[in-house]
Amino acid sequence: MRVLGIEGGGTRTSALLVDGQDAELASFAVGPGNLRLLNPEELAALLATIRDRLPAAPDLIGVGMAGVRTDADRERLRRAVAAAWPGVPAVVGDDLILALEADPWPTDCAAQVLQLSGTGSCCLGRHRDGRMVKIGGRGHIIGDRGSACDIAMHALKSTVTISDIDADWPRLGADMLAFLQMNDPESLIEWSMTANKTEIASLAQVVFAAATSRQDPIAVAILRRASERLSKDPVHCAARIARPGEKVRFVLNGSTLLKNPWFAAEVTAKILAARPGSEVVRLERPGAWGAIAMARRLEGAEPAAAKPTSSPALIPSPTASWRPVANAPTEGRNPKSAGFAEMPLEEAIRLMLAEDATLPGKILTESAHVAWTVEAVTQAFASGGRLIYCGAGTSGRLGVLDASECPPTFRTPASLVQGIMAGGRQALWSAVEGAEDDEAAGASAIVARSVTAQDVVVGISASGHAPFIWGCLAEARRRGAKTVLVACNPAYRDHPLLDRAILPDTGPEVLTGSTRLKAGTATKLVLNLITTLALARSGKVMSNLMIDLHPSNSKLRGRAIRIVRELTGAEEAAARTALETNGWIIRQAVAALPGKA
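Residues numbered from 1 in each chain as written. Predicted model: local features only at pLDDT ≥ 70, side-chain atom pairs only at ≥ 80, totals over all residues. Heavy atoms only, no water.

*Asks:* Would you take a moment to explain the pairing of strand β7 (residues 121–127) for this structure?
*Replies:* Here is the key point about a regular strand: its side chains alternate between the two faces of the sheet. Among the 7 residues in β7, 7 count as buried, and that is most of the element. On β7, burial covers both faces: S121, C123, G125 and H127 on one face and C122, L124 and R126 on the other are all buried. If you look at the hairpin formed by strand β6 (residues 111–117) and β7, you'll find 3 residues sitting between the two strands. Note that β7 and strand β8 (residues 132–136) share 5 bridges and pair antiparallel. Residue pairing across strands places L124 opposite K134, the latter belonging to β8. (Buried < 20%, exposed > 50% of the residue type's maximum accessible area, 1.4 Å probe, protein only. Helix = DSSP H or I, 4+ residues; strand = E, 2+ residues; numbered from the N terminus. Pairing = 2+ DSSP bridges.)

Shown next as structure tokens:
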């Protein structure tokens, strides 16, 4: 029986795999694991990285991550874990509970209180009757009392204040400048405006070093204040969770407490003075052991997500996952636009619009392939699958744009139609060098989106030459998803990685090679056809009316009223009242009104 424990924190995620006798089979750390700071793709990629580094598959899984606060958070994490390890029983929660689970709970203690102080800080208390209380943990702007970040910020403010009063830069300030490799206190201004929480928290070690090595008075005062905060919070937490006279076990965790024994001893003394008869311990084992302990209680339980009755057949990729075509029509020179830069403005306008006017006819010749794609996407939606666009540059941005318009237009979940952009988020507004050429990154993106045989993956590339999209298509094909290429290069018609290709031959651009022009316009028209027709055939349209419109502003609310009136014959006031009563859901408003619907 192999058990996997995962502890996700703000700076790193620890993974521990053990056997039935708790012998370690693997132990390593990967990137940050705060659920609130990870989008679904990043979360999937993080779990996939852990999965791929394990020497063997786990039989049970326990996961605790920072940022897990609500039932919705836990459900999101549970689904991500189930996607990474289908069929494996798993339990999920926040990272705080792991510390309490890592060591046995003494039978004579009615309650446990965790005091965490690392980059951030917070308290978690639990009673044997099941009650739980959390204090703090609200970030370094409004919370994190007594954390490394709190200590560092206090040190920065104190040294600057003392310098202003005494006209002398304190020794502690000099230590911080040396740590940051700065020559002038004024340099701290710009640094403090851009430094993230982790960078600021790193200065806490300077404060501890100054207090330990020379009893620096500023550092000592700062740490005395921090110890007061770190003792008061757990005592307040204990008062909320345990009755007077009940024994409480306080557990200290986090680098600020674990790496500075004398500081932890000071906090311990203050806790015991405030609540005599308690027990205070420092956490001896990493929180991942707490995840192991939680997972072991699942032994014999049903899986978190049912195993599929059969795995999708994997379609082997050809030896070369993509093959370039020598000539792309979009890269040729357009003889009609010779002298374009010197052309009279009105003539240039007529030329550009005349070239654009050829596009509907070019797309119409691809109508059979568009129709096949629409049917495939409609079937995917009906079976719980998704439409996933992938592209680079203008092509990728058009995919993201089309995906982003589906939720407001059709009230679809954001996950139903997705866009994958070569180079990630930054590439949406600025070029990322080499992103289009990274075939492996395309494959990794498909893995991170947990693509299955239920999905349709559409690669978008004006020339068809972008290796990134072929990495996406190859991995999607391997996973059994349907694959489609949208390009303006007819030479890709029979590529072995494709189920279909939509390839309008838009020819050379007015501005040579600028595929944001005709190729981009043609691509937008094709994507409009795919999503509009697929969602219309999925019940999102009645006649030519958007009956699942999400009216998020006054203009759209006016449109929703007009749709309800059109479908029911109701007066404007009645339509508005029905919509307001039904949360501005057009379907429900129509059903609530008598009329011709």
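Continuing now.
*Asks:* Looking at this model, I keep getting lost on the sheet that holds strand β10 (residues 279–282). Mind explaining?
*Replies:* In a beta sheet, neighbouring strands are held together by backbone hydrogen bonds and run either parallel or antiparallel to one another. If you walk across this open sheet you meet the 5 strands as β8-β7-β6-β9-β10, and the pairing is mixed. Of all strands in the sheet, those with a lone pairing partner are β8 and β10, marking the two edges. Averaged over all pairs of adjacent strands, the angle between strand axes in this sheet comes to 15°, irrespective of strand direction. The strands touched by helix α12 (residues 261–274) within the sheet are β9 (248–253) and β10, with β10 carrying the most contacts at an inclination of about 165°. (Axes fitted to C-alpha atoms, helices over the stretch in contact; angles between N-to-C directions. Contact = heavy atoms within 4.5 Å.)

*Asks:* Is there a simple way to think about the pairing of strand β1 (residues 3–8) in this case?
*Replies:* Among the 6 residues that make up β1, 6 are buried, leaving the element largely enclosed by the rest of the structure. Of the two faces of β1, both are covered, the one formed by V3, G5 and E7 as well as the one formed by L4, I6 and G8. In this sheet, strand β2 (residues 13–18) lies alongside β1 in antiparallel orientation, the contact comprising 6 bridges. The residue of β2 that forms the bridge with G8 is T13. Counted along the chain from β1 to the antiparallel partner β2, the turn is 4 residues long. Bridging between β1 and strand β4 (residues 60–65) involves 6 bridges; their strand directions are parallel. Bridge pairing in β4 links E7 to G64.

*Asks:* What exactly am I supposed to notice about the environment of T70 here?
*Replies:* Summarising the element assignment, T70 is placed in the loop between β4 and α2 (71–84). According to the relative accessible area criterion, T70 is partly exposed, its value standing at 33%. Put simply, T70 and A575 are 505 residues apart on the chain and 36 Å apart in space, counted from C-alpha to C-alpha.

*Asks:* Would you explain unusual backbone geometry in this entry?
*Replies:* Excluding glycine, residues mostly carry a negative phi; peptide bonds, for their part, are mostly trans. Positive phi, normally seen in glycine, also occurs at Q215, with a value near 55°. Its place among the elements puts Q215 in the loop between α9 (204–214) and α10 (217–241). The phi torsion at W584 lies on the positive side, around 60°, for a residue other than glycine. Turning to its location among the elements, W584 is positioned in the loop between α22 (572–581) and α23 (586–592).

*Asks:* Would you take a moment to explain the packing of helix α3 (residues 95–102) against helix α13 (residues 288–296) for this structure?
*Replies:* The description of two helices packed together rests on the angle between their axes and the distance between the axes. Two elements in contact, α3 and α13, have axes separated by 7 Å at closest approach and are oriented at 80°. By the angle between their axes, α3 is roughly perpendicular relative to α13. Across from I97, L98, E101 and A102 in α3, the residues of α13 making contact are W289, G290, A291, A293 and M294. A per-class count over the contact of α3 with α13 returns 7 nonpolar, 1 polar and 1 charged. (Parallel < 35°, antiparallel > 145°, perpendicular 65-115°, else oblique. Nonpolar A, V, L, I, M, F, W, Y, C, P; charged D, E, K, R; others polar.)

*Asks:* Looking at this structure, I do not really get the nonpolar core. What am I missing?
*Replies:* Across soluble globular proteins, nonpolar side chains show a tendency to be buried alongside one another. By size, the foremost hydrophobic cluster in this structure holds 49 residues, and its most contacted members are I151, L172, W191, L203 and F263. Examining the composition of this core, we find that 11 residues originate from one element, α10, more than from any other. Beyond its immediate stretch of four places on either side in the chain, L172 contacts A155, T159, V206, V207, A210, R214, D216, I218, A219 and I222. Counting residues in hydrophobic clusters, the runner-up holds 28 residues, among them A380, C406, V417 and V456. (Core = buried A, V, L, I, M, F, W, Y, C linked by side-chain atoms within 4.5 Å.)

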